[in-house]
Amino acid sequence: MIKLNHVNKYFNRKKSNEIRAIDDTSITLPNSGLVTFLGNSGCGKTTLLNAIGGLDNVDSGDIFIDDQRMTKRTSAA
């Protein structure tokens, strides 16, 4: 299961042209089935998927995959 708790992702944070790509989003996605994200161009669909996939860091909030917290993790090198 994938779970997002109050996730936020901003571009140009605290500037006059700030963009809230993900704004206080909480969602739980099931282990099976089909999920679709629909919305206008530029509304944050790809940013949300990149955050879930670990390609983009989020500014705040938590992302869990199978009850394991994925946000604010560092790779063991």
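Asks: Looking at this structure, how should I read the pairing of strand E1 (residues 2-11)?
Replies: For a regular strand, side-chain orientation follows a simple rule: the groups alternate between the two sheet faces. Strand direction decides the pairing type here: E1 and strand E2 (residues 19-29), joined by seven bridges, are antiparallel. By the bridge assignment, isoleucine 2 is partnered in E2 with leucine 29. In the sheet, E1 pairs with strand E3 (residues 60-65) via five bridges, with the strands oriented antiparallel. The residue bridging asparagine 8 from the neighbouring strand is serine 60, located in E3.

Asks: Mind showing me how you'd approach unusual backbone geometry here?
Replies: Trans is the prevailing form of peptide bonds, just as negative phi is the prevailing case for residues other than glycine. The backbone phi angle of aspartate 66 is positive, close to 50°, even though this residue is not glycine. By relative accessible area, which is 55% here, aspartate 66 ends up exposed. Of note, the phi angle at aspartate 67 is positive, near 65°, even though the residue is not glycine.

Asks: For this particular structure, what's the right way to read helix H1 (residues 45-52)?
Replies: An α-helix turns once per 3.6 residues; consequently, residues spaced three or four apart project the same way. Of all the positions in H1, only Thr47, Leu48, Ala51 and Ile52 are classed as buried. For H1, the angular spread of the buried residues around the axis is 135°, confining them to a single face. Each element contacted by the buried residues of H1 is listed here: E1, E2 and E3. Remark: glycine 54 follows H1 within two positions and exhibits a positive phi of approximately 85°.

Asks: So what exactly am I meant to see when it comes to the sheet that holds E2 here?
Replies: Each strand in a sheet pairs with its neighbour through backbone hydrogen bonds, running either in the same direction (parallel) or in the opposite one (antiparallel). Strand order in the open sheet formed by four strands is E2-E1-E3-E4, and the pairing between neighbours is antiparallel. Looking at which strands have only one partner, the edges of the open sheet turn out to be E2 and strand E4 (68-69).

Asks: Is there a simple way to think about the layout of surface pockets in this case?
Replies: Empty space among the atoms becomes visible once a probe the size of a water molecule is rolled across them. Of the pockets and cavities examined, the largest pocket occupies roughly 260 Å³. What lines the largest pocket is a set of 13 residues, and nearest its centre among them are Gly54, Asn57, Met70, Thr71 and Lys72. Counting residues per element, the ones that place at least two in the lining of the largest pocket are H1 and E3. Among the residues making up the lining of the largest pocket, the classes are represented as six nonpolar, four polar and three charged.

Conventions used here
- Residues numbered from 1 in each chain as written.
- Predicted model: local features only at pLDDT ≥ 70, side-chain atom pairs only at ≥ 80, totals over all residues.
- Heavy atoms only, no water.
- Pairing = 2+ DSSP bridges.
- Helix = DSSP H or I, 4+ residues; strand = E, 2+ residues; numbered from the N terminus.
- Buried < 20%, exposed > 50% of the residue type's maximum accessible area, 1.4 Å probe, protein only.
- Arc of directions from axis to C-beta.
- Contact = heavy atoms within 4.5 Å.
- 1 Å grid on protein atoms, 1.4 Å probe; cavity = no way out; pocket = protein on both sides within 12 Å on 5 of 7 lines; lining within 4 Å.
- Points joined across faces, edges and corners; volume = space filled by probe spheres on them.
- Nonpolar A, V, L, I, M, F, W, Y, C, P; charged D, E, K, R; others polar.

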